[in-house]
Amino acid sequence: MEKKSHILVVEDEQRIARVLQLELTHEGYTTTIVHDGLDAWQTLQAQSFDLLLLDVMLPGLSGIELLRRVRSRGDATPVIMLTARDATVDKVTGLDLGANDYMTKPFEIEELLARIRVSLRQAPIAKKHSSRSLLTAGSLHVDTASHDVHVENKHVALTNREYTLLCYLLEHPNQVLSRDQLLENVWGYDFYGETNVVDVYIRYLRNKLEKPFGLSFIQTVRGAGYMFKESSL
Ligand code: CA
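The structure contained in this document is the topic of the report that follows. (Residues numbered from 1 in each chain as written. Predicted model: local features only at pLDDT ≥ 70, side-chain atom pairs only at ≥ 80, totals over all residues. Heavy atoms only, no water.)

Turning our eyes to something else, we now look at unusual backbone geometry. Residue P106 is bonded to the preceding K105 through a cis peptide linkage, with omega at -5°. In this structure, P106 sits in the loop between β5 (101-104) and α5 (109-129). A positive phi angle is found at N174, which is not glycine, with a value near 55°. Inspection of the secondary structure assignment puts N174 in the loop between α6 (160-171) and β10 (176-177). (Helix = DSSP H or I, 4+ residues; strand = E, 2+ residues; numbered from the N terminus.)

Right under this line is the structure:
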């Protein structure tokens, strides 16, 4: 049997969220419902989805900001925006930022279901195009195809290990990453070495990416590890 597509619904209006959940479940999709933009962003750190249904007006983080974050980390998951009837600006901004489609509220559920099917069908094509993707935080840009790293438009040469560590930090912003977690994910399970190798490489990154630019986005969290502070860029 085909794997069920998993749809993340981000909608703060309980009534609409409930209808969407019922209808989508009835159509055979797996759904996760969240009512707040920040919850959605946290959910997206933890797992990936086949499609996102994003309301624009949300508490926490707006749907537009969520979409911007999703796309700027190189994530090509199809996104359908749900916008208010007269919010032309939202539609244009949404499409500019890489939304696949939008629906104006109130919408016919049948039409939404049709658009979801179309977006899911097109998804593998979109994913292929995104193999050249950009991880971005402020003035820091990482091209994951060419492995080029730029800060403030200046190219910075990194070793492979420094590069892998940087990508891991970028993919896990604003959360405490323990030395063990970094060792396991950047050096691999079978790494038998001193855990201070993490500190050494963090220092290398700071010397190359922070110092020359007067930046400070890798924070030391005492007794815990490190945190990539997205807002410091
Ligand atoms: Ca709303």
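On to the packing of α6 against helix α8 (residues 196-210). Where α6 meets α8, the closest approach of the two axes is 10 Å, and the angle between their N-to-C directions is 85°. Classified by the interaxial angle, the pair formed by α6 and α8 is roughly perpendicular. Mapping the contact onto sequence places R161, E162, L165, L166 and L169 in α6 and Y201, I202, Y204, L205, K208 and L209 in α8. When the residues that make up the contact of α6 with α8 are grouped by side-chain class, the tally is eight nonpolar, no polar and three charged. (Axes fitted to C-alpha atoms, helices over the stretch in contact; angles between N-to-C directions. Parallel < 35°, antiparallel > 145°, perpendicular 65-115°, else oblique. Contact = heavy atoms within 4.5 Å. Nonpolar A, V, L, I, M, F, W, Y, C, P; charged D, E, K, R; others polar.)

On to the coordination of the calcium ion, then. On the protein side, the calcium ion has D12 (OD), D55 (OD) and M57 (O) as donor atoms, found 2.1 to 2.3 Å from it. In terms of primary sequence, the donors binding the calcium ion are separated according to D-x42-D-x1-M. Owing to a relative accessible area of 3%, D55 belongs among the buried residues under this scheme. Classification of M57 as exposed rests on a relative accessible area of 61%. (Donors = N, O, S within 2.8 Å, 3.2 Å for Na, K, Ca; no water. Buried < 20%, exposed > 50% of the residue type's maximum accessible area, 1.4 Å probe, protein only.)

Now for the sheet that holds strand β12 (residues 225-228). With antiparallel pairing, three strands are arranged side by side in an open sheet as β10-β12-β11. Edge strands, defined here as strands with exactly one partner in the open sheet, are β10 and β11 (218-221). Here β10 pairs with β12 via two bridges, running antiparallel. Directly across from V176, in β12, lies its bridge partner M227. Contacting β11 and β12, α8 runs over the sheet at an angle of about 145° to β11. (Pairing = 2+ DSSP bridges.)

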